[in-house]
Amino acid sequence: VLRFLPSYSRSANVGWSIQSHPHSVSTLLCLLCHIIADLFRVSLIIQGEKDDAQVEAYLAVEASYTIEVKDITRVIDTRSALRKLFPEAEVTGAVFGVVVSDDNKRLARRNRIRVYETQLPT
């Protein structure tokens, strides 16, 4: 099951009522979409629960043929933002790619980002 930030509304406090500004609903939704898109520039965010403790869990994933420093940085930034939004949740990150240099593997692991290398079918 893939869900994109289903409990975001619990963490947001916009400070005004949608009922009192009905003409602004579409503007607000558009603005929130842009904020979320800017904040989460990774390929995928997976939300679930840990079976053992009923704790929310989030995984920030960047998938690319060649994993570069910018991909790892995106995961780190998104993981940090998710931790701020959901302080009670377990948040982790991962990169998936075909080509990952040894330097980038070390960088990811130093930052506690999981590295998954795969091969394309031939």
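Let me sum up the structure you'll find in this document. Since this is a predicted model, take the numbers as computed values, not measurements.

1. Some points on the side chain of Asp-71
Link 1 in the chain: As for its placement among the helices and strands, Asp-71 is situated in helix α3 (residues 69-85).
Link 2 in the chain: Of the polar contacts made by the side chain of Asp-71, one reaches the backbone nitrogen of Glu-68; its length is 2.8 Å.
Link 3 in the chain: When neighbours within four sequence positions are excluded, Asp-71 is seen to be in contact with Glu-62, Ser-64, Thr-66 and Val-95.

2. With respect to the pairing of strand β3 (residues 90-100)
Link 1 in the chain: Across ten bridges, strand β2 (residues 55-67) lies against β3 in parallel orientation. Bridge pairing links Ala-63 to Phe-96 in β3.
Link 2 in the chain: As a crossover connection, the stretch from β2 through α3 into β3 is right-handed.
Link 3 in the chain: Sheet topology places β3 next to strand β4 (residues 113-117); five bridges connect them, and they run parallel. Residue pairing in the sheet places Val-95 in a bridge with Val-115 of β4.

3. Thoughts on the pattern of salt bridges
Should the charged atoms of two oppositely charged side chains come close, the side chains can pair.
Link 1 in the chain: Tallied over the entire structure, the rule returns five salt bridges.
Link 2 in the chain: For Asp-71, the salt bridge goes to Arg-74, with nearest N and O atoms at 3.2 Å. Separated by three residues within a single helix, Asp-71 and Arg-74 lie in helix α3, roughly one turn from each other.
Link 3 in the chain: Its relative accessible area of 3% is what places Asp-71 among the buried residues.
Link 4 in the chain: A salt bridge links Lys-105 to Glu-117; the shortest N-O distance between them is 2.8 Å. Here Lys-105 is found in helix α4 (residues 102-110), whereas its partner Glu-117 is found in strand β4, with twelve residues between them in sequence.

4. Describing the layout of surface pockets
Link 1 in the chain: The calculated volume of the largest pocket comes to roughly 150 Å³.
Link 2 in the chain: As for the largest pocket, its lining consists of Ile-46, Gln-47, Gly-48, Lys-50, Ala-57, Tyr-58, Leu-59, Glu-90, Thr-92, Ala-94, Arg-114 and Tyr-116.
Link 3 in the chain: Every element with two or more residues in the lining of the largest pocket is listed here: β1 (44-50), β2, β3 and β4.
Link 4 in the chain: Of all the elements, β1 adds the most residues to the lining of the largest pocket, at four residues.
Link 5 in the chain: Broken down by class, the residue content of the lining of the largest pocket amounts to six nonpolar, three polar and three charged.

Quick notes on the rules
- Residues numbered from 1 in each chain as written.
- Predicted model: local features only at pLDDT ≥ 70, side-chain atom pairs only at ≥ 80, totals over all residues.
- Heavy atoms only, no water.
- Helix = DSSP H or I, 4+ residues; strand = E, 2+ residues; numbered from the N terminus.
- Polar contact = N/O pair within 3.5 Å; in protein donor to acceptor, adjacent residues only side chain to side chain.
- Contact = heavy atoms within 4.5 Å.
- Pairing = 2+ DSSP bridges.
- Right-handed = clockwise from strand over helix to strand, strands pointing away.
- Salt bridge = Lys/Arg side-chain N within 4 Å of Asp/Glu carboxyl O.
- Buried < 20%, exposed > 50% of the residue type's maximum accessible area, 1.4 Å probe, protein only.
- 1 Å grid on protein atoms, 1.4 Å probe; cavity = no way out; pocket = protein on both sides within 12 Å on 5 of 7 lines; lining within 4 Å.
- Points joined across faces, edges and corners; volume = space filled by probe spheres on them.
- Nonpolar A, V, L, I, M, F, W, Y, C, P; charged D, E, K, R; others polar.

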